[in-house]
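Okay, here's what each chain looks like letter by letter:
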Amino acid sequence: AQSVTQPDIHITVSEGASLELRCNYSYGATPYLFWYVQSPGQGLQLLLKYFSGDTLVQGIKGFEAEFKRSQSSFNLRKPSVHWSDAAEYFCAVGAGTGGFKTIFGAGTRLFVKA
Amino acid sequence: GAGVSQSPSNKVTEKGKDVELRCDPISGHTALYWYRQSLGQGLEFLIYFQGNSAPDKSGLPSDRFSAERTGGSVSTLTIQRTQQEDSAVYLCASSFGRDHEQYFGPGTRLTVT
């Protein structure tokens, strides 16, 4: 069965420091991969997605992610974190027939300290 | 409307009662999804509808849960004989297709007492 693992329940980084959020997936074929962010009191917003092609994808708000098939990973990165990046981040995989069934990870809560 | 809307925003019900949650997707979106988010948890896939295809109900936790989508637009998620473990935020999302962004509604917070 498809699954998504986000090993870190929460991460704290200093403002201006770099960030990497880990995501590992389990799926038999090349999946559709997504990162969403959920800010306090706000809905979920797509940061970036990967379907095929260049394995390094750029997203909004300065985020990027790299698909590594050999490691079944799709880690999210940002070179310099801003206080406004504090939020919950979800990795997701689109699987099943047609790729519509979207399985989300448990999320990683990011805290940013001044 | 400009985005996905859900109603009601909050619902408190007694154990054993039935509830209906409504989702109005973005006009023109062919795919519609329902998720459940329990406190401090990730999103749990429940069901999706895509065009005129049969919905994928594989995520529904029990036969007390059902959903329909009328006219390819509005969707209703029904929970019969609610239990306390059904308490959660129920999120609806819509998209143009599998490789397009899912736009999420604000959710319905369901509390079963």
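Residues numbered from 1 in each chain as written. Chains lettered and ligands numbered in written order. Predicted model: local features only at pLDDT ≥ 70, side-chain atom pairs only at ≥ 80, totals over all residues. Heavy atoms only, no water.

1. Here we look at empty space enclosed by the protein
So, step 1. Going through the model one piece at a time under the given rule, you end up with 2 cavities of 30 Å³ or more.
So, step 2. As a volume, the largest cavity reaches approximately 40 Å³.
So, step 3. Considering only residue class, the lining of the largest cavity consists of 5 nonpolar, 2 polar and 2 charged. (1 Å grid on protein atoms, 1.4 Å probe; cavity = no way out; pocket = protein on both sides within 12 Å on 5 of 7 lines; lining within 4 Å. Points joined across faces, edges and corners; volume = space filled by probe spheres on them. Nonpolar A, V, L, I, M, F, W, Y, C, P; charged D, E, K, R; others polar.)

2. Quick word on the layout of surface pockets
So, step 1. Each pocket or cavity is described by its volume, and for the largest pocket that value is around 510 Å³.
So, step 2. Where the lining of the largest pocket is concerned, the elements lending two or more residues are β10 (87-95) of chain A together with β8 (88-95) and β10 (108-112) of chain B.
So, step 3. With 3 residues, β8 of chain B is the single largest residue contributor to the lining of the largest pocket.
So, step 4. A breakdown of the residues in the lining of the largest pocket according to their chemical character gives 8 nonpolar, 13 polar and 3 charged. (Helix = DSSP H or I, 4+ residues; strand = E, 2+ residues; numbered from the N terminus.)

3. What about the side chain of D56 of chain B?
So, step 1. Mapping D56 of chain B onto the fold places it in the loop between β5 (43-50) and β6 (65-69).
So, step 2. Here D56 of chain B is buried and forms no salt bridge, its nearest opposite-charge partner K101 of chain A lying at an N-O distance of 5.0 Å.
So, step 3. Within the structure, D56 of chain B has its side chain in polar contact with the side chain of S58 of chain B (distance 2.6 Å).
So, step 4. Beyond its immediate chain neighbours, meaning those up to four positions away, D56 of chain B contacts K101 of chain A together with F45, L46, I47 and Y48 of chain B. (Buried < 20%, exposed > 50% of the residue type's maximum accessible area, 1.4 Å probe, protein only. Lys, Arg positive; Asp, Glu negative; His and termini not counted. Salt bridge = Lys/Arg side-chain N within 4 Å of Asp/Glu carboxyl O. Polar contact = N/O pair within 3.5 Å; in protein donor to acceptor, adjacent residues only side chain to side chain. Contact = heavy atoms within 4.5 Å.)

4. Considering the nonpolar core
So, step 1. Counting 45 residues, the largest nonpolar core has W35 and Y89 of chain A as its most contacted members.
So, step 2. Counting 20 residues, the second-largest nonpolar core is a separate cluster that includes L46, I47, F49 and L60 of chain B. (Core = buried A, V, L, I, M, F, W, Y, C linked by side-chain atoms within 4.5 Å.)

5. Considerations on the state of the cysteines
Residues and elements named next belong to chain A.
So, step 1. According to the stated counting rule, one finds 2 disulfides over all chains in the structure shown.
So, step 2. A disulfide bridge connects C23 with C91, and the sulfur atoms are separated by 2.0 Å. Note on the C23 and C91 pair: the S-S dihedral is about -65 degrees, so by sign convention the disulfide is left-handed. Residue C23 is located in the loop between β3 (19-21) and β4 (24-26), and its partner C91 is located in strand β10; the two are separated by 68 residues in the primary sequence. The two residues C23 and C91 agree in class, both being buried. (Disulfide = S-S within 2.5 Å.)

6. Details of the interface of chain A and chain B
So, step 1. Contact with chain A, which involves 19 residues of that partner, is made by 20 residues of chain B.
So, step 2. Of the roughly 1,700 Å² buried between chain A and chain B on both sides combined, carbon and sulfur atoms contribute 59%.
So, step 3. The interface formed by chain A and chain B includes 0 salt bridges.
So, step 4. One can count 5 residue pairs in polar contact (both at pLDDT 80 or more) joining chain A with chain B.
So, step 5. At the level of secondary structure, the elements contributing two or more residues to the side of chain A that touches chain B comprise β5 (32-38), β6 (44-50) and β11 (101-104) of chain A.
So, step 6. When grouped by side-chain class, the residues that make up the side of chain A that touches chain B number 11 nonpolar, 6 polar and 2 charged. (Buried area = accessible area lost by both parts, 1.4 Å probe.)

In short, the description is geometric, and any link to function would need to be established separately.
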